[in-house]
Amino acid sequence: MEEHIVIIGNGISGVTAARHIRKLSDKRITIVSAETEYFFSRTALMYIYMGHMKFEHTQPYENWFWEKNRIELKKGYVNNIDTTAKTLHFAEGDALNYDKLIIATGSKPNKFGWPGQDLEGVMGMYHKQDLENLEKHAPNNDVCKRAVIVGGGLIGIELAEMLNSRNIPVTFLVREDSFWNGVLPSGESQMINRHIKNHHIDLRLATNLKEIKADENGKVKSIIIEETGEEIECNVVGLTAGVTPNINFLKDSTIEVGRGVKVNPYLETNIKDIYAIGDCAEQHEGINGRRSIEAVWYTGRMMGETLAQTICGNKIQYNPGHWFNSAKFLDIEYQTYGWVYSERSCPDYEKHFHWKHEDDTKCITVAYHKTTKAFLGINTFGIRMRHETFDTWLTEKRDVDYVINHLPEANFDPEFYSHYEADILSTYNKQLQIA
Amino acid sequence: MSNKINNSMSLAKPDALDISTKQKVALAIGFIGLFIMALALLNTNFPNEGLFLTLSLGMISLGVIIYSREAYLTKLEGIKNDGVWFKSISSHGAWGYVLGVVLTTFYIVLYFFPQYLGLGKDGAENTGLVHLFDPLSKLLSGRPASQWFVYGTLYTIAILAFGYKFILKYRHNRYQQIRTGSVMFFQLGFAFLIPEFMYVMNNDLPYYDLKSVWPLNYYIFDEWSVNGFLSNGNIGLALIVFGILSTFIITPILTYKYGKRWYCSWVCGCGGLAETAGDSFRQLSSKKMSAWKLERWLIHTVLVFSVVMTVAMVYTYLGYDKNDFWLTRGLFISLVIGFLTLVFAGVMFFKSKELGKDAKYGAIGFFSVIALLLIMHFTGTTEHVFFIKGSALRSAYGLYIGSIFSGVIGTGFYPILGNRSWCRFGCPMAAILGFQQRLFSKFRITTNGGQCISCGNCSNSCEMGIDVRHYAQKGENIVRSSCVGCGICSAVCPRGVLKLENDSMDGRINPTEILLGNDVDLMDLVNKK
């Protein structure tokens, strides 16, 4: 009998692992999920609410794909894991044996103990069930007169865009004094502040939630702001203050957990034949200067690609290459390659060159080493850049002069778009003269 | 659940995505314009047709213009797809089917019962709708309108008005604006005005839309057409030479440099309508693997049909010996077989690796065509090829492919099959261009390293039903025969993953297992295996 690989979680990490294990072997593979029958792209949930797509369009593989590739799908919620008997016990009462187990259960929205955080009408925006909940409580602006979003990160701004698409007024509470400025340098962060306001979203910076109040039916009625005590009436509260590994079901198991499931660089847990990948995995120490938990689509996928090798006999460490990421803030696309730190977490040696277009929707920030001039990374807003080019430049350890002078090679905007590299270069040269 | 389809026919929809008062006024203006045409259809006698025609076309255009300005200029620049899958008309809802039935009926009447539109038979005066268009036709070419003139005018108005709408929708995207300007220009100039002026200059010349290339323009080598050209001195000769050059020289060069998009989404009239008036239906094309399989069989069958039909047609009116014309039947059939063999051998020699399994089908297809041609040659008489009349083959093609497939289904079914079902499943020109695009072109859609998040916006908006995400999420470039290069996948991508470009042939097709961004050694290990 072929070895049985069971994967808990049908997100990008688990599915990538399954696909690659299938490519490399004939092992029996089962994917377990309580959320949906088939894999879908979580990042696309927003487009369903906005009417750009239907749910089935967010499923990257047609339904016949799984049977054809002999990947068994099991819908069920894992209550606990018996690591000695190598058995999963489901909330539905049944059980499943495994030879090797991969935990890829992803994240869940953070809740910081706000009064009223479990009321009806309060929700995160992570699972498919969150979307269904939003559809119930905010189908239109008659039912939902106003929504309040708490937490200024990537999911928060997506939720704001979603509600905006149905003309539902949004108040957006952001703890920081500028949007996402724990990650973005201030020039970028402030540009996004203005862009949010241009979309008629009521952005409240440096503002915290004190409590959520209920009406007589236990539904959200209003929220109170910590700083001013102001009460804002609303029908929906979106909690988008980050995510945390979704591992409650492991609390009573022998698997070592911290904030996430503790793994070594081989993505192995403390128990033999049990692995963890994706959002829910926590490295003992971050690899290559990365965070110990990386809740990003791409890292989940890369861990899946890596672990499949190990499971199929080619044991290798998770050793990702140069950091990259992307997002979209309403109408402004964002990409990043290498490391660019915000002022709040910027190391001493890191200096920035910042350029912004006069239309206030495009800018770039190039990070470089103060003394060696080595290129460290780039943030780009409203201009698409080529991943491969920056990956090569980072590997070749180019300096900042080289990168600014060769920017046209990295441009990835559609044909006929205006180019800004000349303007960027001249701004760069001027700044050098002043400095 | 949010992926509901709103099948309600109520105008007071429960959704928040209602249209504004201004848009309602715009709709009313447009419908009054259409109503004038409906009255004309019912043989209303207008005191001054010219005035009412102007009013009708003007109000339709004005309605679209006001509606679009209100829809897009009141918002910031960006992707405007909110509610596409909620609206009944664009999500297989009841209104979509109503529109489908209306369009389909219109095409059936247009092709098969033009007398209902008021076309005067045997030189009799036009009545009804066709009569309404007489003033414009007389103004342009001095002759009364025909049903084709009515159709051509409406077609052009649709491309211009909805082209304007499309340009506003994508006002942040210069590729889309320039491309749309191009289809509007070619429709108005090449398809509509120039043929009318050509008629004024020389009314013996057959109708010729210069941008319509064989085999899309399947009637160009018909006997009446060729005779028409040849009996008109140097201009006629030049035109038919241009027709032949278009197919065999100009098209391959442009497709090599830019991919088939130079034609399908920049020049072609069918494409022009699909990209403008049909834009609201692009998401309806099926992305299933089964649809792709059907597509490949169907479109290549039509191509074979069109080649065999055209050869049979030409063959029928050529003579056996050189006394009639230098091109004899024997020479002609040899030239055709020689050309096909050259193409086939070239592909097998240079590209057999890329073809793989499909090469087998290609070979079967090739040899069947050759066999058919030879059977034709040895069974053909002046009247009969394939034991049936050559003209019967030609009428069958005209009826089933030219009228029913490209018109009735191709456009009538916009709200059901999407806006490119003819281009995708039927157009023989698209088949030839696609074949070349797949094998001998610099064009591709480049995938940006490992940035894809599998969201599906690209696949959803692909009018040709390509599952773009399938490639993008593997970090693989998109090199598909059917891609018309409209560029909407690139526009709607929220992560800047897709770019249409013409670059070198090396590395154009780049299958990867491990995407950029992961362990360099692992990428080397797996991708180079």
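Residues numbered from 1 in each chain as written. Chains lettered and ligands numbered in written order. Predicted model: local features only at pLDDT ≥ 70, side-chain atom pairs only at ≥ 80, totals over all residues. Heavy atoms only, no water.

**Q** For the overall build of chain B, give the residues involved together with the corresponding values.
**A** The helix and strand tally for chain B stands at 22 helices and 4 strands. Relative to the 2.2 N^0.38 estimate, which gives 24 Å for 529 residues, the radius of gyration of chain B is 25 Å and therefore close to what a compact globule would have. Along the longest, intermediate and shortest principal axes, the C-alpha atoms of chain B span 75 × 70 × 35 Å. The burial tally for chain B puts 56% of its 529 residues in the buried class. (Helix = DSSP H or I, 4+ residues; strand = E, 2+ residues; numbered from the N terminus. Rg over C-alpha atoms; globule rule 2.2 N^0.38 Å. Buried < 20%, exposed > 50% of the residue type's maximum accessible area, 1.4 Å probe, protein only.)

**Q** Could you give an account of the side chain of A:His20, naming the residues involved and the relevant values?
**A** Along the polypeptide, A:His20 turns up in helix H1 (residues 12-24). The class for A:His20 is buried, based on a relative accessible area of 4%. Once you skip the residues sitting within four places of it in the chain, A:His20 turns out to touch A:Glu305, A:Ala308, B:Glu513 and B:Ile514. (Contact = heavy atoms within 4.5 Å.)

**Q** Describe the packing of aromatic side chains, naming the residues involved and giving the relevant values.
**A** Tallying each qualifying case throughout the model produces 50 aromatic pairs over all chains. The interplanar angle of 20° and the centroid separation of 6.1 Å between the aromatic rings of A:Phe416 and B:Tyr175 together place this pair among those described as stacked. Residue A:Phe416 is located in the loop between helix H10 (407-410) and helix H11 (421-434), and its partner B:Tyr175 is located in helix H7 (residues 174-201); the two belong to separate chains. Accessibility expressed as a relative area gives 3% for B:Tyr175, which makes it buried. Through a chain of ring-to-ring contacts, three or more aromatic side chains come together here, namely B:Phe106, B:Tyr107, B:Tyr111, B:Phe112, B:Trp148, B:Tyr151 and B:Tyr155. The aromatic ring of B:Trp292 is capped on one face by B:Arg296, whose charged end is 4.3 Å from the ring centroid. Just above the ring of B:Trp292 sits the side chain of B:Arg480; from NZ or CZ to the centre is 3.6 Å. (Phe/Tyr/Trp six-rings, centres within 6.5 Å; stacked < 30°, edge-to-face > 60°. Lys NZ or Arg CZ within 6 Å of the ring centre and 35° of its normal.)

**Q** Explain the interface of chain A and chain B to me, and be specific about the residues and the numbers.
**A** On the side of chain B, 68 residues touch chain A, which itself brings 73 residues to the contact. Seen at the junction of chain A and chain B, the total is 3 salt bridges. Among the ionic pairs, B:Glu501 bridges to A:Arg386, the shortest N-O distance being 3.0 Å. The leading source of residues in the side of chain A that touches chain B is helix H7 (residues 297-311) of chain A, at 7 residues. Split into classes, the residues belonging to the side of chain A that touches chain B amount to 25 nonpolar, 29 polar and 19 charged. (Salt bridge = Lys/Arg side-chain N within 4 Å of Asp/Glu carboxyl O. Nonpolar A, V, L, I, M, F, W, Y, C, P; charged D, E, K, R; others polar.)

**Q** A description of the pairing of strand E10 (residues 147-150) of chain A should follow, citing residues and the corresponding values.
**A** Residue and element names in this part refer to chain A. Here E10 shows two buried faces, one formed by Ala147 and Ile149 and the other by Val148 and Val150. A crossover connection joins E10 to the parallel strand E11 (residues 170-173) through helix H5 (residues 154-165); in handedness this β-α-β unit is right-handed. Pairing between E10 and strand E16 (residues 236-239): 4 bridges, direction parallel. Across the sheet, residue Val150 finds its bridge partner in E16, namely Leu239. (Right-handed = clockwise from strand over helix to strand, strands pointing away. Pairing = 2+ DSSP bridges.)

**Q** Kindly report on the UniProt feature "domain: FAD/NAD(P)-binding" (unreviewed entry) in chain A, identifying the contributing residues and their values.
**A** What UniProt calls "domain: FAD/NAD(P)-binding" (unreviewed entry) maps, in this numbering, to residues 4-290 of chain A. As annotated, residues 4-290 of chain A comprises 20% helix and 28% strand, and the C-alpha atoms at either end are separated by 32 Å. (UniProt positions renumbered as here; feature names shortened; annotations may be inferred.)

**Q** Explain the sheet that holds E11(A) to me, using residue names and the numbers behind them.
**A** With respect to topology, 5 strands assemble into an open sheet ordered E9-E16-E10-E11-E12 (chain A), the strand pairing being parallel. Edge positions in the sheet fall to strand E9 (122-123) and strand E12 (202-204) of chain A, since each has one partner strand and no second.

**Q** Can you lay out the sheet that holds strand E23 (residues 350-356) of chain A for me, pointing to particular residues and giving the numbers?
**A** Residue and element names in this part refer to chain A. Pairing is antiparallel in the open sheet, where 5 strands are placed in the order E21-E22-E25-E24-E23. In the strand order of this sheet, the two ends are held by strand E21 (324-329) and E23, each with one partner. Taken over all neighbouring pairs, the strand axes of this sheet differ in orientation by 10° on average, direction set aside. Note that strand E22 (residues 332-338) and strand E25 (residues 375-381) share 5 bridges and pair antiparallel. The residue of E25 that forms the bridge with Thr336 is Asn379. (Axes fitted to C-alpha atoms, helices over the stretch in contact; angles between N-to-C directions.)

**Q** If you had to explain the packing of helix H1 (residues 21-41) of chain B against helix H2 (residues 49-72) of chain B to someone new, which residues and values would you point to?
**A** Residues and elements named next belong to chain B. Where H1 meets H2, the closest approach of the two axes is 7 Å, and the angle between their N-to-C directions is 160°. With respect to H2, the axis of H1 lies roughly antiparallel. The element H1 and its partner H2 pack so that their crossing is left-handed. The segment H1 lies against H2, with Lys22, Gln23, Ala26, Leu27, Ile29, Gly30, Ile32, Gly33, Leu34, Ile36 and Met37 engaging Phe52, Leu55, Ser56, Leu57, Met59, Ile60, Leu62, Gly63, Ile66, Tyr67, Glu70 and Ala71. Of the residues that constitute the contact of H1 with H2, the class distribution is 16 nonpolar, 5 polar and 2 charged. (Parallel < 35°, antiparallel > 145°, perpendicular 65-115°, else oblique. Left-handed = near helix turned anticlockwise from the far one by under 90°.)

**Q** Describe the pairing of strand E1 (residues 4-8) of chain A, listing the residues and the values that go with them.
**A** All names here are of chain A. Burial of E1 is extensive: 5 of the 5 residues sit out of reach of the surface. Both E1 and strand E2 (residues 28-33) contribute to a ladder of 5 bridges, which runs parallel. By the bridge assignment for E2, His4 is matched with Arg28. Of the strand pairs in this sheet, E1 and strand E7 (residues 100-103) are connected by 4 bridges, and their pairing is parallel.

**Q** Let's hear about the pattern of salt bridges: which residues, and what values?
**A** Per the counting criterion, the structure on display carries 41 salt bridges over all chains. Linking A:Glu35 and A:Arg42 is a salt bridge whose minimum nitrogen-to-oxygen distance equals 2.9 Å. What makes A:Glu35 buried here is its relative accessible area of 12%. Across the pair A:Glu268 and A:Lys315 runs a salt bridge whose closest N-O atoms are separated by 3.2 Å. One end of the pair, A:Glu268, is in the loop between strand E18 (261-263) and strand E19 (274-276); the other, A:Lys315, is in the loop between H7 and E21, and 47 residues separate them in sequence. For A:Lys315, a relative accessible area of 48% puts it in the partly exposed group. Here the salt bridges do not stand alone but share partners, grouping B:Lys169, B:Arg179, B:Glu275, B:Asp279, B:Arg282, B:Arg420 and B:Glu463 into one network.

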